[in-house]
Every structure is written in C-alpha cells, then in structure tokens.
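Fold and contact review
Each chain, written out:
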Amino acid sequence: MIVNTATLILTSLAAASAFVPLSLRSVQNTFSPEQTKLNMAFNSEQPSNMFDGPMALTKERDACGVGFVANTKGEFGSHKVLTDALAALDCMEHRGGCGGDGVSGDGAGVMTQIPWKLLDEFRSDSCPQPGVGMIFLPRDEERRNNVKKVIEDVCTENELNFLGWREVPVDKSVLGEMALAAVPSIWQFFVKGPERLQNDDDVRDGFERTLYLVRRRFEVVRKERGLVWDDDDGEAYVASFSSRTIVYKGMVQSCVLPKFYKDLTNPDFTTKFAIYHRRFSTNTNPRWPLAQPMRCVGHNGEINTLLGNVNWIKARESAKNNEVCELDDFVDYESSNNIVMTCNTQDFPSFLEPLVDLGRSDSANLDAVFDLMCKSRHRAPCAIMALVPAAYMDSPDLKDHPEITDFYKFHGGILEAWDGPALLVYSDGKSIGASLDRNGLRPARYSITDDGSVYMMSETGVIPDLDESTIVEKGRLGPGQMINVDLVSGEFKDNIAIKSEISSRHPYGEWIKKQRKDIEKMDFDEERLYGEETTTFAQSTFGWGLEDIGMQIADMAGAGKETTYSMGDDAPVSALSTRPQPLYNYFKQRFAQVTNPPIDPLREGVVMSLAMTLGKKESIYQVSELGARLIHLESPLLNGNEMDEIASYAKEENGRFKNAKISTRYNLSDGPSGIKTALDQVCDAAVENVKNGAEILILSDMATDQDEMNESTYIPPLLAVGAVHHRLIKEGLRMDAGIVVETGSAWSTHHFACLVGYGANAVHPYMALETVKQWHSQDKVQKMMASGKLAKITVTEAQQNFRKAIEAGLLKILSKMGISLLTSYSGAQIFEAVGLGEETIERSFKGTTSRISGLDLEDIARETAMMRPEAIEKKLKKLVNYGYYKPVPKLGEYHANSADLAKLLHEAIGLDKKVSYATTRDELENDGVKPASVANYEIFKKSLEVAPLANIRDLLDFESDRESIDISEVEPASEIMRRFCTGAMSLGALSREAHETLAIAVNRVGGKSNSGEGGEDTIRGKPLTDVDDKGRSTTFPHLAGLKNGDSANSFIHQIASGRFGVTPEFLVTGKQLEIKMAQGAKPGEGGQLPGPKVSEYIASLRASKQGVTLISPPPHHDIYSIEDLAQLIHDLHAINERAGVSVKLVSSIGVGTVACGVAKAAADVILISGGDGGTGASPLSSIKHAGCPWEFGLAEAHSALMNNGLRDRVVLRVDGGIRTGRDIAVAAMMGAEEFGFGTIAMIAEGCVMARVCHLNTCPVGVTSQKEQLRKKFPGTPEHVVNFFHFVAEEIRELMAHLGYSRFEDLIGRADLLKESQEQKDRVEKTKGIEMSRFFSGIPNSVDDRSFLRAKIEGGIEVMKEEIVHVNGPSSDLDRDLCKDEDIVKVIKDNEGETNASFKIVNTDRSTCAMLSGDIARAHGN
C-alpha cells in the first residue's frame, strides 16, 4: 500500500474492541424473577411489562454480513464452493458480534445444497434424494428421545418412510462459555417420499410441500404431548427440512463454525451453492435458532413495518375459505397445493404451527412468508420482488420495460411491502439470488469468474484467494435490484433479465388497464359546509383550538408547509393534563435509531410514495386478473369531489365498488358508557356491510346540522378505525374492504399518521378543509395578502397547500422510521401509547405498547365531551386558546419552562436580564452579577413542587431504607457537579455568547460541556491566559465574568453529520466524541438551522453559505445497522485514542435492546434523551409527538444492560427536561450516572422563554445571531455555576434525608422510589395509571453494585469514567503507519513527502485515521 501523509482515509467496515472487562467473561444467561423484581416499593402482582412487545422490537435486533457462492458444474457441486463461502464468512467476522463472554458468537451459519456424497448411506436407487431434516434437540436424553418420537410419528402419519437418524459430528470444545451452556443436541433425520405421491413434478415440488407442511405439524404435536420446557434445555427447532437444501448454523464466531461442525471440513461435503451469514445481535443471551441463514433467506437488515406486515398476513390467512380445504392430507399433490394456496394455515394452531408470530424475529417472519409463497408456486425471485419491491415509479432503468412496472403496480395493490433496509440472499433449492430493498442502503457486490462461479458479498475482499485475472464480470446491486442464478441450468441473470422474465408470466398491464380505477387529485370545493357559528361549534367539539388555526392551518394553507417551532415540549404528558386532549396526543411516533436508518425525505423522496388503494384485495398466493380490480388513490387525503368520485364507482357500469357509510356519532344522553355500545354497533355494522358486499367502508363523524351536533357526540375517529380494523381482521374480512375515515377531528400531520397507522386507507378531513376556507375568508388574512405579507392565493390554492403540507408531513413521519411506502405504514401501528388502559388498547390498538396503562373507554368519552362548547363556562363566541404550544397566562395549558419560572430562577442565581453590554454592565460591580439567594432558590424549587403534574416522575416519591443523616456526612457538591453535563446545543442554534458561556461554566465545575452539532471554533481549544481584572479577555471580548484558566473548549464534541464542522482537528480536540443518533425534540430528523441564523461566522464553521437554511439529513442516516455504528465508533477510537465515545439515543420502546448493541459495539457512554428535549427549530408535530419520556427509556436501557451483563461496560447519561435536584435523584435511582441540562441551563444564562429561537429574534441574545440582540446577552459563567451549585446542594439535602452519603449509592436503586397516590389523586384521569408493572422490571441492585466499576486485565476495578475502549488488532496497521520514522519526520517538520508500503486486508479497519489524528494534533486542519 502506498500512503501519502496528506491522504486521510476513513474506511467503512465494522467494530471490535480490545477492552472486554473480566467481569463479563462469566455472566449469567438467565435471571430469576427474584433477581429482576424489586423487593420494596415497586412490587407488582403481575410480571413486569418493561420488555413486552414484538420480539424484534423489544428483545432482539440484529444485523450482519451476508453473501453467497455458486457454481453449478457437476451433479453434486464441489467442496471448493463451501470452502470459499467459509473463507468469506471468516472475513466477515467484523460484521458480527459476540455474547457477554466476549467469545460466543451472536451467530454464524451456511445454507447449502444437501451434500449427497457425505450422506450417501441414506440414499438408494428408489430414493436418491430423500428429505433431510436438520434439528436442534434437548441435551437431556429422555427429552430428546420424546421429541424424536414426535418427529417419527408425524412423518409416519403423513406417509413419509422414516429412514433414520444421524447425530451431527461436532466439537463442543471450540465453543465459548455462553454458547456451550446453551448448545442443543444437533441431529439430522431422513425420510423417503410417499408412495402415493405419484404425480409429483420433475423438480419435486409436491414432495417439498409435504415436507413443509409436516415440519409445521411437528411443533403442534410436540405441544400436544407436553414436550415444551421453559429452561435452557428446551430447544426443539427444525433449522431445515427439505430434499434440496440444508442449514448448518449456531451461536459461534465465523472461524469457529467449520471447527464446530466437522461435516463442513469433510471433502465429501460438496455443493453447488452456499449462502453464508454472520450475525451481530443487540442481545447477549445466546439462542441457537436465531442464527442465520433461516430456512430460505439470509437477511441483513431490519423490517420496520413488521407489526403491520404480520397483521396483514394474518388478515389474508383468515380471509381464506377453509370450507373447501382438506387440511388432513399433506401427501396428495393437488391437496398439498390446495392447502398452501387457499387454506388458512395461520389460525389453526391445533393443526399447523402459525405462519407468522410476533414472538419470532423479523427475519423469521419474512422467511416464513417467503417460504409459503415459494411453496404456492411462486418462483423465488418472484416472491422477493413482491415482498420487497423496487421503487419503480419514474425509474430510468425501467422505462423500456413496462412489464416490470406493471408487475410492481399489480403486486403493490394486493401486498404491502415488507419495508426497511434489507439485503436478502435467498434460495429455494432451485435458484439462488440476492436482492436489495428500494433504498439500496446495504452494500452488495458480485463477481463472476471464468469457471462459472458467482460470488456475492456484503463487501469486497472477502474471498482471499480470488484471482482478479479470472473475473469476467463485476457489479453491484443498486436500490431495488437483484441477481439470480438458476441452480439447474447454471444461467446467471442480472436485474432486468430476471425481473423481465418473471414479469412476463402474466399480462399484468392488460389486467390493470381493464380492472383498475385511478383517483387522481381533483379540484376542491370553495363552498362552505356550515355557517360561521356552526363551524366554530363543530371545531370546538372536535378539539380545535385557536392555536391550531393561527399556527398550523395558517402555515399549511398559507405556505404549504408544516409549522416550525422551537424549545421542545414542556407541556404535561397528555395523560397528566387537566385540559381535554384529542386521542391522537396519547400516541408517540416511533423512529429509527442505530439498528436501521431513517430516510432523508428531501434527498431520497424518489423512493417514497403515499399512494393507497381501496377495494377487495385478492390472494397473493394465486395470481389472477381480479387482483388488479382496485381503486388506486394518488393521495390518502381526499376532498369532497374525490369522495363523490369514489361513490360513483359503486355503479354497475363503473366497476361495482359498493360503498357503505357508517356514522360514528351517538347520543350525548347515553353518557360516557354509551361509547362502548356505539363502538360495538359501528363494528357490527362494518362486519355486516362487508359480508353484504361492501368494498369501501366510510366511517363518518359528520353531522348534518347544528341540531345533530347539539344532541350527539362522536367516537374519536382513531378509536373507531382501530376497532373496525381489528374486528374485520378477526372476522376474516379485512382484505375484502378498504376504510375511509371522514372526520372533523384531523388537521395535523400526526393525526393523519395515526389514522393510517391504525388501519385507514384514506382520510376525508372535511372540517380541516372547512377551516382552511374559514381562515382564507378572514379579514386579517385578506389584508395580509393585499399588503404582500402573505402570498395571494385562492381558496382552492389554500386547500391544495394544506394537502401539500400534510403529504410532506406524512413523508417526514414515514421517513423517521425508515419507511418508504404509506401502504406499508398503513396498519403497521408504529406508535407507542402513553397513558391508555388495557381495555382501550385491546379494543382498538391491539399490539401497541402502553407501559403505564391509563384511560379506559369511558375516560375517553368524558374527555371528548369536555371539548364541547357547553363544557366551557362562558358562551363560546370563538375557539378556546388551549395554549398547548405557546403558553397562555392563567387559562392555557401548564408549561414547565415559563417566563415566570425563568424570572424566579434569575432572582435565585443573581441574574438581571437588563444588564448586558448593551446597557450598564461595564459600570456595575462584578459585571452586575448579584449574590446568589438560597431563599429565592427555595421559592423556585417550591414553584415546581406545587405546579400541575407534567412528567411521569411527578407520580413518584422517595421511600428510603435507612435513617436520615447529617448533611455534613454527604459528599461535597463539587463531586456531584462532576456528573453534570450540558445538552447538545449547537453554536448556531445558540449565539456565541450563550454557547461559550455554558462551556466555560460547566468546565469550571468539572462537568462536561457539549458542542452540539455544527463544529466549534478552534480558538476555543486553549485555556484563557489573557483575562484582566475586570474579567475581560481579548480572545473573547464579547464575554464577561471570565477567569484565567477558563476553557471554552467543549468537553464533548458531537458528530451528527460529517457535513457540518466535523474535521480532524475537531475530533482530536474533544475529550469525548458523541455520536448523535437522534435528537429528543425530533428523533429521526436532521438538524434545522433557519437561513437568517446562518451568519458569516456560523457559515465559516459549517463550511456553508451565509443566509442559506441548513437542513441536514437525519443523523447518520448512512448508518444502516448496528455494525455500521460499531465501525464509526471504531473510526473515532482510532483518530482519538484518548477520547471516549458516547452515543446519543432517544427514549422509545426497544431502546434497551438498542443500548445493548451500542455497548457491544464498544461505546464508552450511552445517553438516553427524553422526547421533551429542546430544539432551536423543528416541525411542530415532531416536537409534540415523537420520542417518549426519559423515565421509560432510561429504566429500560439500564435494565437491559444489567440483564445482558453489559452494564459495567458503559456510563449511562440522561437528559431532557431535567430542572432540579429531585429530577436528578429520580434519574439516578433509575440507573443514570451523569445528567444533562438543556433548556434550564439556557435559562440560567438569561433565556426568558420567548420561544422565538427559530425566528432569530431572541430578545436577550441567547439564540440570536443578530449583533444588536447578542449585545443584550445578560449571562456570565458565574450565573450558570450558581445554578449548578444550587442543584448539587438540593441533591445533598435529599441524600441526607434518605440517609446516603455517597451519590453513587443511589444509582440503580429504584427500590427507593414508590408510586405517589397523593400525586395521582390530583388529576381525575390518572386513576387508571399503574406505574409498578413497568418499573418493577428494574433489576434489584441493592447488594450487587459491581456494575458501577469496570474490571480490566488483572481483575483491577476502576472507575468507568477513567478508561476508554481501545481498538484491537484491527488498528494495528494504523499503529505501524504512525510509527514509521519517515512519516513521523514529515509530520514533525511539516515539509517534504514520503511513501510507505504496507500490506492491507479487509480486516484492517479505519486505516489512516490515527495518522490523520497525528497530523491534526500537530498542524490543525
């Protein structure tokens, strides 16, 4: 290798660490209930629900390296195909992970052709290719024999002649401790095809179907015989059962697989193909069945729409007609074909194992559906094309291939895409291939050699002995592309060739032209529905407030974009609010972080689509012309004319798409309990109408006139659509009809996302469109248009703008989760509920997580009625301003960060907002900083204690296990303040004055300041030495109250995007490097800096242009899996070996298992941010509706890390709305070791909560880049230090009261917390909230405090904060480069050049990163 010292190279492979604490070399695999349940305050009668939810979300996520090798020459292939695959697997080791012992692999495996030469003793002339099963069995002999008896009996019952068992030869000595503890007994069994199966085809499809059905029968009979054990020796898993393919896999590292399975090194093991897979799991407890390949597929990625996909598959299965099925005959060719094509094989657990199950991984569910589609006569590439479609619209590659476009149009109508980042390698034994998802984020390359071999791999360089001179073709898979090798003919087909062949099998284009109806966007009505008073009355009943019109409708209708806002969400959680909340507000949008990437909707919009369909969806297993008979919608937001067009399709001559409108209104006189009866009636009517042929259900809350509004209320549309959706699934009718929601209660992008996410196919927001017309007609609006302050638009254009804004907002919400298609988002339920009870969830939102229970149906009915005008004391002449977004004095919603709170804190810390450089600062003693006042801090603290409930932690209280102590015995405030950090607030969002003042203050108290994204001025890198007697510095002339020795260099340098400010010098000058995976205020979205705030100075730091708005991509949206994050961590450890690496995550369900993956990826610190964190600018719906309280995420992350033996590898930090010492004490007891202050720290330097950060008009210069406003900045480092000191002293008082002298003794001690009944009683609707079930899941750490220390070589215990992970041999090449004498000399002298040659292989990673760090340390950028 030739290296020029000026060349800085950061490669992208994946991670390993030399630091594996000794304490993790021997970890427990399972934890008893006594160990995981707390013994004191949080005892719960029921098991904890902390990790309830789909397995793929809450318990286990994975990623991997994957590929295949194929050469079809010879009857049985060759051993070289296998050895090449194993060599490639070995070179993929860095894409895998290891268990908690650091040795047991997360999983490695191969799928091959059955090695007939090796297994020759089980073949005969009458049965040359028997069925071969590979099975994991219990180690206990009695258990094993009982399961074997089940296998033999089921085979015999289905006319499979049992030929015998073979124990697979293995070497257990090569296994790690954890893998060895869980290793099953591994066997193969052999069966001969049924004599009665005489009409099987040449490729043995009938035999394969019989084997498939028999395999799914095994598990049912095993359970019937009681052979299920819930311990570490209960495994009975069929890895493969086929006459074509076989799978060898296990919880091992790549290099261990052929050592463990002796068959793999036997020269008689020959094959025409081999799929290989190396797994990186977020979990450390090994389970052998989770290794891949699965039975048909090797999957690298994550299915983001899994819950919806599983629900839709269940709906499809239940729609099948089992009256025409003979489920008891698996043998006859036609019968088995009929079963897989037309019979419901999901809902007969007494006969067949369910097809899909949320207790399985996403890969296992995808594999199961792919397997069934292949068995139902789909060719393998056809099944993959249908399940994971390409973005075909306007694709230049397909312009000359309409047949492929027609294929995708047809299948997109009848099957929702399994959406998410995916590289799939597949085989049904007849062909082998690989396919990328529509975004194409996974690397996938292939090479073809002159001997006919095809090599496909996740990265180049994994076939060590591949001679370049033999390669005749090279390529890479682009987005949505695939390749395929026919294992019989040996023919290789590229993307267009294989897709064209598949697409030409049916006349899809003709079918679509003949059968499909298209609803394109139509003009909007300009006539009003209601008079002005009736409109206002209706708006009030649906929960509209003045803000919704003045902010959201004004921005969407006027400018075609969603409202931008700032400062985060400091209003109460909806379940704690005393104001009436629409049901949507109880749902938090989920988002992608670490294990899958969000999409950038601005730059990747070409792969996204909001198109939806209405009508009956035909079978995906039997392709027919009727599959094209659907109504295709260009947009999910429908207007009145489009609704009329849909209604017209009910006519005989227009297609006979029968409509049925069902009212969701019910009489007010029925009282709150009436909602249950009304919901039953709506669901019953939906079932009856669909049974009678309705293909479009319209759920409508529209009232005909004022009288009907006076007499009736409505079922919230979200509750109604969820209930109907699940009822139709249960009845087997969901595929027979589409659902349109016609509602007055939908105006925000979040509302539309919720409705579609819980089953709606489209929404007619009649009241939102009415309100747009109302807004347009206002005198104020017309005057603004006339004066040029608003663009002059017509009523129609205003409604078009509204639709445009909603559509852009939906794309943004989809993209947060990495989802491309609204059809895949529909019914996917990608939300978490906060504050809804079990009755509500079970009725309408089945499968959604709601961790603290909450409102039942009657509570929802009461809250809906509270919105009515008559529920408001005075006569309603205009809408109420609820103050959900901007605080409204006295009448509005409570906001924790108010101007009043800021004033109280300023009085406590001695800050006068009128004192600044613009006024009299130079003339005042101590720069106008007044003495701090303990009394005033007590008033500030008391104001928060008596304030309305706002956060989950407000429902908790302390309960100590010991006597109080004197405060003199408690550790000093200076030690506590070392745990304080500032939130990641960027220079740009903040002014220079605010940003630098915070950094200096936190550095003074020994805490950790954070640069935020966007880089940092190099002038801040050195301590100040030029401060005069007045506290002024020529280096920072705009600051006051400085001291010599102060440092403005942020301790933590944040990396959110390589685009803005991330340079080698920035990386080597940080003491900790933080990877921002998500931001609390807008997880799944990138930074947003409005153009007016991009000053010349800010533009220079970010290498951008003054005045141009900066909207960065979602943070690290190119990190498409856990091993890619591991690689970035590796990169950062390489360029700055002395810096720790932190990873910022946002609280959401499943963050615990993500945190485990991050810990395994060699991070030093994990930050859990709450969804209520602040921001300089963000879409309003993101601020309000994405991300969960940190109490959930912190408790889950701490518990998952503890349960997986990873807690002593990382420091756990928390931030998001933390304001007081009490907040910190609660966070510590839930597991946090460090604590971030954001908005409150800004208040401590002068912020007055004007909430205009995004407008660049901050009146005190905290968040403005305008020179004249920056001069009004009133803060000094002393103000912030005063605040931190007060908080630390408050903590000391709490510790003394609780009887604890050391702060670390509080960490993880959730047993010192209890649910406060007194607090719960303050709000009527909190009666259903139940905290114990969730928080009882925090492991008991009263006696074992070892997680607070890390153990290094020699068994020495050290503070985790004092050490950092160090790259292992993967950085040795870099170390050699940095030691090269010629290179060292050139860097030192800063002149000349030199060349050096080194051998490099694909396991050398981050090459030249260390070298670039040395250059930056010596010479800057």
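A brief look at the structure comes next.

What counts, and at which threshold
- Residues numbered from 1 in each chain as written.
- Predicted model: local features only at pLDDT ≥ 70, side-chain atom pairs only at ≥ 80, totals over all residues.
- Heavy atoms only, no water.
- Helix = DSSP H or I, 4+ residues; strand = E, 2+ residues; numbered from the N terminus.
- Buried < 20%, exposed > 50% of the residue type's maximum accessible area, 1.4 Å probe, protein only.
- Phe/Tyr/Trp six-rings, centres within 6.5 Å; stacked < 30°, edge-to-face > 60°.
- Lys NZ or Arg CZ within 6 Å of the ring centre and 35° of its normal.
- Pairing = 2+ DSSP bridges.
- Axes fitted to C-alpha atoms, helices over the stretch in contact; angles between N-to-C directions.
- Contact = heavy atoms within 4.5 Å.

1. Section: the environment of D1382
Mapped onto the fold, D1382 is located in helix α45 (residues 1381-1389). The spatial distance from the C-alpha of D1382 to the C-alpha of E1393 is 8.6 Å, given a sequence separation of 11 residues.

2. Some points on unusual backbone geometry
It is generally the case that most residues other than glycine have a negative phi and that most peptide bonds are trans. With an omega of 10°, the peptide bond running from Q292 to P293 counts as cis. Phi at S853 takes a positive value of approximately 55°, unusual for a residue other than glycine. Among the structural elements, S853 can be located in the loop between β29 (849-850) and α27 (857-866). Phi angles above zero are rare outside glycine, and R1251 is one such case at about 60°. Relative to the assigned elements, R1251 resides in the loop between α39 (1239-1244) and α40 (1267-1270). On the accessibility criterion, R1251 (6% relative accessible area) is buried.

3. Digging into the packing of aromatic side chains
Applying the stated criterion to the full structure yields 43 aromatic pairs. Measuring from centroid to centroid gives 5.0 Å for F410 and Y508, while their planes differ by 45°, and the two rings are tilted. Within this pair, whereas F410 is found in helix α12 (residues 402-414), its partner Y508 is found in helix α14 (residues 508-515), the two being separated by 98 residues in sequence. Exposure remark for Y508: the relative accessible area of 3% places this residue in the buried category. Measuring from centroid to centroid gives 5.7 Å for Y508 and W511, while their planes differ by 85°, and the two rings are edge-to-face. Of this pair, Y508 and W511 both sit in helix α14, 3 residues apart, roughly one helical turn. Taken together, the ring pairs in this structure connect F136, Y237, Y248, F260, Y261, F269 and W288 into an aromatic cluster. In this arrangement the basic side chain of K148 is found over the ring face of W187, its NZ or CZ atom lying 3.1 Å from the centre. One cation-aromatic arrangement involves R209 over Y333; the distance from NZ or CZ to the ring centre is 4.5 Å.

4. Considerations on the sheet that holds strand β5 (residues 185-192)
Overall, antiparallel pairing links the 4 strands, which are arranged β4-β5-β3-β6 in an open sheet. The open sheet terminates on both sides in strands that have one partner only, identified here as β4 (161-167) and β6 (237-242). Here the strands of the sheet are splayed against their neighbours by 20° on average, with no regard to which way each runs. Its contacts with the sheet place helix α4 (residues 141-157) against β3 (131-137), β4, β5 and β6, and it is angled at close to 150° to β4. Strands β3, β5 and β6 of the sheet are contacted by helix α6 (residues 205-224), whose axis makes an angle of about 165° with β6.

Purely spatial values, then, with no claim about function.
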